[in-house]
Amino acid sequence: MCGIVGYTGKNQATPILIDGLERLEYRGYDSSGIAVSNDSGIEIIKSKGRLFELKKLTNGTKPEGVTGIGHTRWATHGGPSDENSHPHYSRDKKFAVVHNGIIENYLELREFLSERGFTFRSETDTEIVSMLLEYYYGGDMLDAIIKLRNKIKGSYALGILHDGEGGAFYALRKDSPLVIGLGEGENFIASDIPAILPYTRKFIIPDEKEVAVITPEKVTVYNRNKETVEKKITVSDLSADAAEKDGFAHFMLKEIFEQPGAIKKTVHDRITPDGIKLDGVKLNGNDIRKIYMVACGSAYHAGAVGKYFIEKLARLEVETDLASEFRYRNPLLGSDCLTVIISQSGETADSLAALREAKRRGSRVLAVVNVVDSSIAREADDVLYTRAGPEIAVATTKGYTTQVAVLYLLGLKLAHDRGTVSADEYSSLLSELKRVPEKLGAFIDEINPQAQYLAGKYYPAQDAYFIGRGADWSAALEGALKLKEISYIHAEAYAAGELKHGTISLIEKNSLVLGIAAEPALREKTLSNIKEVRSRGAAVIGVTDSPDSIKAECDDMITLPQTHPALTPLFTAAALQLFAYYVAAARGGDIDKPRNLAKSVTVE
Ligand code: AGP
């Protein structure tokens, strides 16, 4: 996934483009570049490496000009290099392009162009876009872009610059995110709203394959038939500092501490004296045969926690699926199923494709999403926003816990509809859920120094195993991912009862094992698994709300607060996030932008 930005207006473009790219760097950061049009044509400066390499080359001012586009890259076709960096430009250097997505038929198009005398400087798919524009251009940019759009296949958010267009530039999207910011005498494009929030709060979002012509005075959007279309203007309520660190060393730590407030926004006005209100989503648990929870990464782990909760409370069958598998396995779902697509960004390619597959098979689709008006939010039948606010760190924290909180609300609503939960259990869970923000805030403050201490003790570990049963196993999945994705320690989550069927052969002296034993009914069983690994020399960190029951078998403890047992995964998540954060800090990782990762994977 990459970040794109564009500007045209009364100010110099370069500082605005660079500033926008800094806010987009979490989307990809192995190379970057800008293209600005001025009297001498289109000037391009681009470089392999982090954004500060580009800043050095431009010293924040060059090239001069008031219209430009910029890009920060997460390599898909061709490794990080100056040549593979965006913007890419045409043979005659009259067209420059920045792109987020994948042109799936680029090899075929490369051949098409080569046969017509074009040669290529890079290994990328994007370069063929700039060449095709040169090939199709006959004096009308809109016509050339429409021909381009009809030729390319795959996913794209494109910013296009054409020499000689004065202050105009172009944009179009399919499957990749793109917003158009509306200023006073200036207009913008970006991959997401926070990138240009300091300049404007007014945005429009082009639909699939619509083409936008952007000048300082106005934005005109054309549909597939070249007719102009009016677009709804949304005004973002995000604060400009939403994309700032507010004194925290990293966005990830800031977002861990934001979780109590985020969860409060998620649940607060949805728990009412008349029961749970799900933003007008009409759901009756009695006309659903089965629920599919489909997502990727941490969002999948949230679905795993939701599965246990909903099956236990609503007695409804829930199947959790990795979106990249679901979309190709000919799933047995139909109109009597509810598909829940969970996604922080709302732009994950596999999850978006899974959504379309579920709808194609007649299933109703509910999206649990954080980014408002994202592709998944807009294509679902219903959406429940997690209201976590912008999440900048690549490793999700508040994005995950607010997803779990929404699934708790969904489970409670379905259980209530189906009459499968007693009044006492229902009200106890509701009151406990309302108390989570306060309890979680106190817990994070209390556990923070302990997490730091444990990280200082265990950060040299080469491997780590997270074991648990039931919902603790789902929590283990997320704990293992958090640790490995930012500290680069090999970490595995394992169902505690499954360890002895093979993987226990890996346990040796000082192997690090985190034993999550919060599920009351399964705690004794998990304790026996902790004993199994301890007897083979493992160093065990126990994670539980009942320390006396397991501490004799543990080297260290993380003690969770008392809450309804079903809600414990929220607290386990926060503790393991802090542990992972401090381990990564001790190992000197690039915590907000871990190697090889991107915040939202908008490619397959
Ligand atoms: C989690 O820390 C990772 N950033 C990753 O697993 C992420 O959860 C996954 O790519 C799904 O992203 P989404 O929620 O935006 O769809």
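The structure we're discussing is the one just above.
Each chain has its residues counted from 1, running along the sequence as written. Reporting of local features is limited, given that this is a predicted model, to residues whose pLDDT is at least 70; pairs of side-chain atoms are given and counted only at 80 or more, and all residues count toward the totals for whole chains, interfaces and linings. Calculated side-chain values reflect all of the structure's heavy atoms, with hydrogen atoms and water omitted.

Novice: Go over the packing of aromatic side chains with me, naming the residues and quoting the values.
Specialist: Planes of paired rings set the category: under 30 degrees apart is stacked, over 60 is edge-to-face and the rest tilted, where pairs are Phe, Tyr or Trp rings (Trp by its six-membered ring) whose centres lie within 6.5 Å. Evaluation of the coordinates by the stated rule reveals 11 aromatic pairs. Arranged with centres 5.5 Å apart and planes meeting at 65°, the rings of F95 and Y137 form a pair that is edge-to-face. Separated by 42 residues along the polypeptide, F95 in strand β6 (residues 95–103) and Y137 in the loop between α4 (127–136) and α5 (141–151) bring together distant segments of the chain. Residues F443 and F571 carry aromatic rings whose centres are separated by 6.0 Å and whose planes lie at 75° to one another, so their mutual orientation is edge-to-face. Note that F443 is positioned in helix α13 (residues 423–458) and F571 in helix α16 (residues 568–587), a separation of 128 residues in sequence. In this scheme, a residue with accessible area under 20% of its type's maximum is buried, one over 50% is exposed, and one in between is partly exposed, where area comes from a 1.4 Å probe on protein chains only. Looking at F443, the relative accessible area reads 1%, which means it is buried. Residue classification places F571 among the buried residues on the basis of a relative accessible area of 0%. One aromatic cluster is present, formed by F112, F118, Y135 and Y136 through successive ring pairs. Charge over a ring is defined by NZ of Lys or CZ of Arg lying within 6 Å of the ring centre and within 35 degrees of the ring normal. Over the ring of F118 we find R91, and its NZ or CZ is 3.8 Å from the ring centre. Over the ring of F112 we find K151; its NZ or CZ atom is 4.3 Å from the centre of that ring. Think of it this way: any DSSP run of H or I at least four residues long counts as a helix, any run of E at least two long counts as a strand, and we number them from the N terminus.

Novice: Go over the environment of Q577, please, and point to the residues and values.
Specialist: Along the chain, Q577 falls in helix α16. Only heavy atoms enter the contact rule, under which two residues are in contact if any of them lie within 4.5 Å. Other than its neighbours up to four places away in sequence, Q577 contacts M252, I256, Q259, T397, Y400, T401 and K482.

Novice: A description of the sheet that holds strand β26 (residues 539–544) should follow, citing residues and the corresponding values.
Specialist: Taken together, 5 strands build an open sheet; the order of strands is β24-β23-β25-β26-β27 and the sheet is parallel. Every interior strand has two partners, whereas the edge strands, β24 (490–495) and β27 (556–559), have only one. Taking each pair of neighbouring strands and ignoring which way they run, the sheet shows an average axis angle of 20°. Pairing geometry for β26 and β27, over 4 bridges, is parallel. Bridged to V543 within β27 is I558. In this analysis an axis means a line fitted to C-alpha atoms, helices contributing only their contacting stretch, and an angle means the value between N-to-C directions, from 0 to 180 degrees. Each of β25 (512–516), β26 and β27 is contacted by α13, which is oriented at about 160° to β27, the strand it contacts most. Pairing between strands is defined by DSSP: at least two bridges between them are needed.

These figures capture arrangement, not role.
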